[in-house]
Amino acid sequence: MTLEELDATGLLCPLPVLKLRKRLAPLGPGARITMRADDPAAIVDVPHFCAEAGHTLVEMTDEGPIQVYLVQKAG
């Protein structure tokens, strides 16, 4: 299983989700990406993006001011 990492810290809405979508696009079904973000809007945007696109938000954790999202590509 592919596990990619994406650092979206310092980026504001909608850039974290746009970068996540771009990184997911070429990956095969079931691939996973860990994304780190510190944009307060990402807490709402990432789960919404996953629900709309059919991806699975496997886990969402906090590391201080940074949120870490584990997303699995649909398929």
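Scroll up to find the structure.
The rules behind the values
Residues numbered from 1 in each chain as written. Predicted model: local features only at pLDDT ≥ 70, side-chain atom pairs only at ≥ 80, totals over all residues. Heavy atoms only, no water. Salt bridge = Lys/Arg side-chain N within 4 Å of Asp/Glu carboxyl O. Helix = DSSP H or I, 4+ residues; strand = E, 2+ residues; numbered from the N terminus. Buried < 20%, exposed > 50% of the residue type's maximum accessible area, 1.4 Å probe, protein only. Axes fitted to C-alpha atoms, helices over the stretch in contact; angles between N-to-C directions. Left-handed = near helix turned anticlockwise from the far one by under 90°. Contact = heavy atoms within 4.5 Å. Nonpolar A, V, L, I, M, F, W, Y, C, P; charged D, E, K, R; others polar. Core = buried A, V, L, I, M, F, W, Y, C linked by side-chain atoms within 4.5 Å.

Q: Can you walk me through the pattern of salt bridges in this structure?
A: Close approach of charged atoms allows side chains of opposite charge to pair. Inspection of every chain in the model, using the stated rule, returns two salt bridges. Note that Arg23 and Glu4 form a salt bridge whose closest N and O atoms lie 2.9 Å from each other. Of this pair, Arg23 sits in helix 1 (residues 15-24) while Glu4 sits in strand 1 (residues 3-7), placing them 19 residues apart in sequence. The class of Arg23 is partly exposed, set by a relative accessible area of 30%.

Q: What's the story with unusual backbone geometry in this structure? I'm lost.
A: Excluding glycine, residues mostly have negative phi values, and the peptide bonds linking residues are mostly trans. Looking along the chain, the bond that leaves Cys13 and enters Pro14 is cis, with omega of 5 degrees. Checked against the element boundaries, Pro14 lands in the loop between strand 1 and helix 1.

Q: So what exactly am I meant to see when it comes to the packing of helix 1 against helix 2 (residues 42-53) here?
A: Between two packed helices, both the angle of their axes relative to each other and the distance between the axes serve to describe the pair. Where helix 1 meets helix 2, the closest approach of the two axes is 10 Å, and the angle between their N-to-C directions is 35 degrees. Once helix 1 is placed against helix 2, the crossing between them reads as right-handed. Contacts from Val17, Leu20, Arg21 and Leu24 in helix 1 reach Asp45, Val46 and Phe49 in helix 2. Tallied by class, the residues present in the contact of helix 1 with helix 2 amount to five nonpolar, no polar and two charged.

Q: How do you make sense of the nonpolar core when you look at a structure like this?
A: In a soluble, globular protein the nonpolar side chains are often hidden away together inside. One finds Leu20, Met35, Val46, Tyr69 and Val71 to be the most contacted residues of the largest nonpolar core, which totals 17 residues. Contributing elements (two or more residues each) for this core: helix 1, strand 2 (32-37), helix 2 and strand 4 (66-72). Per-element accounting of this core gives the leading share, four residues, to helix 2. The contact partners of Tyr69, leaving out residues within four places of it in the chain, are Ile33, Thr34, Met35, Ala37, Ala42, Ile43, Val46, Leu57, Glu59 and Met60.

Distances and angles like these do not, on their own, reveal function.
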